[in-house]
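Residues per chain, in single letters:
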Amino acid sequence: MSRPIAALEGVSRRFHEGRRERWVLNGVDLEVAAGERLALAGASGSGKSTLLNLLGGIDRPDSGRVRLDGTDLSGLSEHRRTLFRRRRIGFVYQFFNLIPTLSVRENVALPLELIGQDLGPADALLEQVGLLERAEAFPDVLSGGEQQRVALARALVHRPALVLADEPTGNLDARHGGAVLDLLAELAREQGAALVIVTHSKAVSQRCERVLSLEDGRLSRGGGAGW
Ligand SMILES: Nc1ncnc2c1ncn2[C@@H]1O[C@H](COP(=O)(O)OP(=O)(O)OP(=O)(O)O)[C@@H](O)[C@H]1O
Ligand SMILES: [Mg+2]
């Protein structure tokens with residue numbers, strides 16, 4: 001494998017519940033190759049979102065290392081980590097997380113604004129997701145599928161190396177979910193971005209080159225029990 005775009009090395013993460021400690025991730029190793037599509041399965045509460053937040057530098061491990069593009073994130077200050085994340089990562093969430101007070105165009109342009117880049121690509125991405133004519137609209141007048149397409153444009157507008165999608169189709173019906181997923185895969189492929197998708201759906205993981213599942217704090221190959 002060429003140099004991984006992202007890697008977890010012996011990563012553990014625990015949370016406290018009252019006086020008890022719960023190890024959600026326990027010595028997880030993972031390499032994400034540049035441009036690959038990886039599906040991440042596992043029961044509710046198994047730590048999928050936790051893993052994604054670590055990969056994206058939103059959260060820090062209790063032990064182990066997280067590398068992005070060769071840089072060890074644990075060695076960076078919170079501020080540097082944020083700057084790094086803004087340039088290199090795109091996020092897509094289950095509930096779209098668009099900013100209601102910003103227009104569609106402003107939502108998509110936000111990642112560019114945060115890193116001080118020209119806002120031109122926002123309209124190009126909106127065109128790619130078929131929503132340029134809705135650029136002036138506010139998110140609340142769009143359908144769920146449309147909102148998620150705006151979120152895809154926002155996740156890719158700054159050409160991140162890694163796109164992290166946390167159940168991106170979980171809030172859409174099968175038809176719209178499938179369309180959003182195909183679009184996400186197409187945009188990522190076009191840009192050469194790696195894609196890590198958390199999903200409960202077999203249809204989603206079938207579009208990925210690799211499926212891993214989380215159970216008892218560890219990663220294993222395949223979609224896990226019942227797949
Ligand atoms: N900030 C936190 N503080 C305390 N516990 C947390 C925190 N974040 C996550 N957890 C716990 O860690 C476990 C894993 O959570 P996580 O959100 O990663 O699961 P998940 O696999 O994404 O589940 P789902 O499929 O329901 O989204 C859960 O038991 C959760 O309660
Ligand atoms: Mg989750």
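Everything numeric here is computed off the predicted structure, so don't read it as measured data.

Basis of the calculations
- Residues numbered from 1 in each chain as written.
- Chains lettered and ligands numbered in written order.
- Predicted model: local features only at pLDDT ≥ 70, side-chain atom pairs only at ≥ 80, totals over all residues.
- Pairing = 2+ DSSP bridges.
- Helix = DSSP H or I, 4+ residues; strand = E, 2+ residues; numbered from the N terminus.
- Axes fitted to C-alpha atoms, helices over the stretch in contact; angles between N-to-C directions.
- Core = buried A, V, L, I, M, F, W, Y, C linked by C-beta atoms within 7 Å.
- Buried ≥ 20, exposed ≤ 12 C-beta atoms within 10 Å, placed from the backbone.
- Contact = placed C-beta atoms within 7 Å.
- pLDDT = per-residue confidence, 0-100.
- Near = placed C-beta within 6 Å.
- Nonpolar A, V, L, I, M, F, W, Y, C, P; charged D, E, K, R; others polar.
- Expected span 1.5 Å × (residues − 1).

*Asks:* Describe in detail the sheet that holds strand S7 (residues 162–166), supporting the description with residues and values.
*Replies:* Judged by pairing direction, the sheet is mixed, and its six strands sit side by side in the order S6-S7-S8-S3-S9-S10 without closing on themselves. For this open sheet the edge positions go to strand S6 (89–92) and strand S10 (218–221), each flanked by a neighbour on one side alone. Direction aside, neighbouring strands of the sheet carry axes that sit 20 degrees apart on average. For strand S3 (residues 37–42) and strand S8 (residues 194–198), the ladder comprises four bridges, and the chain directions are parallel.

*Asks:* Before we move on, could you go through the sheet that holds strand S4 (residues 63–68) and cite the residues and values that matter?
*Replies:* The four strands lie next to each other as S2-S1-S4-S5, forming an open sheet whose pairing is antiparallel. Single-partner strands in this sheet number two, and they are strand S2 (20–33) and strand S5 (71–72). In this sheet, S2 lies alongside strand S1 (residues 4–17) in antiparallel orientation, the contact comprising ten bridges. Along S2, the bridge assignment pairs His16 with Glu21.

*Asks:* So what's going on with the nonpolar core? Residues and values would help.
*Replies:* Ranked by internal contacts, the top residues of the largest apolar core, which has 61 residues, are Leu40, Leu152, Val163, Leu195 and Val196. Looking at which element gives the most residues to this core, the answer is helix H5 (residues 144–156), with six residues. Among residues more than four places away in sequence, those in contact with Val163 are Gly90, Val92, Ala155, Leu156, Ala188, Ala193 and Leu195.

*Asks:* Any details on the environment of Leu142? Residues and values, ideally.
*Replies:* Looking at where Leu142 falls in the secondary structure, it is placed in the loop between helix H4 (121–128) and H5. Looking at Leu142, the number of C-beta atoms within 10 Å reads 18, which means it is partly exposed. In this structure, the C-alpha to C-alpha distance between Leu142 and Arg218, residues 76 residues apart in sequence, is 39 Å.

*Asks:* Residues and numbers for the confidence of the model for the protein, please.
*Replies:* Per-residue pLDDT for the protein has a mean of 92; in total, 97% of the residues score no lower than 70. Per-element averaging of pLDDT across the protein places helix H7 (residues 202–205) at the bottom with 82 and helix H3 (residues 104–114) at the top with 97.

*Asks:* Any details on the site of ligand 1? Residues and values, ideally.
*Replies:* Taken together, the neighbourhood of ligand 1 is formed by Phe15, Val24, Gly42, Ser44, Gly45, Ser46, Gly47, Lys48, Ser49 and Thr50. If you tally residues by element for the shell around ligand 1, the top one is helix H1 (residues 48–55), at three residues. Its residues placed into classes, the shell around ligand 1 shows two nonpolar, seven polar and one charged.

*Asks:* Lay out H1 in plain terms, naming residues and giving numbers.
*Replies:* Taken across its eight residues, H1 has six buried, putting it largely inside the fold. All of the buried residues in H1 are Lys48, Thr50, Leu51, Leu52, Leu54 and Leu55. In the segment just after H1, Gly57 is the residue with positive phi, at about 75 degrees.

*Asks:* Hey, could you go over H5 for me, with residue numbers and the actual values?
*Replies:* For H5, built from 13 residues, the straight-helix expectation of 18 Å at 1.5 Å per residue is met to within 8% by its first-to-last C-alpha distance of 19 Å. The buried fraction of H5 amounts to eleven of the 13 residues, a majority that puts the element mostly inside the structure. Considered for burial, the residues of H5 that qualify are Glu146, Gln147, Gln148, Arg149, Val150, Ala151, Leu152, Ala153, Arg154, Ala155 and Leu156. Structurally, H5 contributes buried residues whose contacts are with S6, H3, H4, S7 and helix H6 (174–191).

*Asks:* Run through the pairing of S4, naming residues and quoting values.
*Replies:* Sheet analysis places S1 next to S4, joined by five bridges and oriented antiparallel. Across the sheet, the residue bridging to Glu9 is Arg65, located in S4. Pairing analysis gives two bridges linking S4 to S5, with the strands arranged antiparallel. Counterpart to Leu68 in the pairing with S5 is Thr71. Hairpin connection of S4 to S5: two residues between the antiparallel strands, including Asp69 at a positive phi of 55 degrees.

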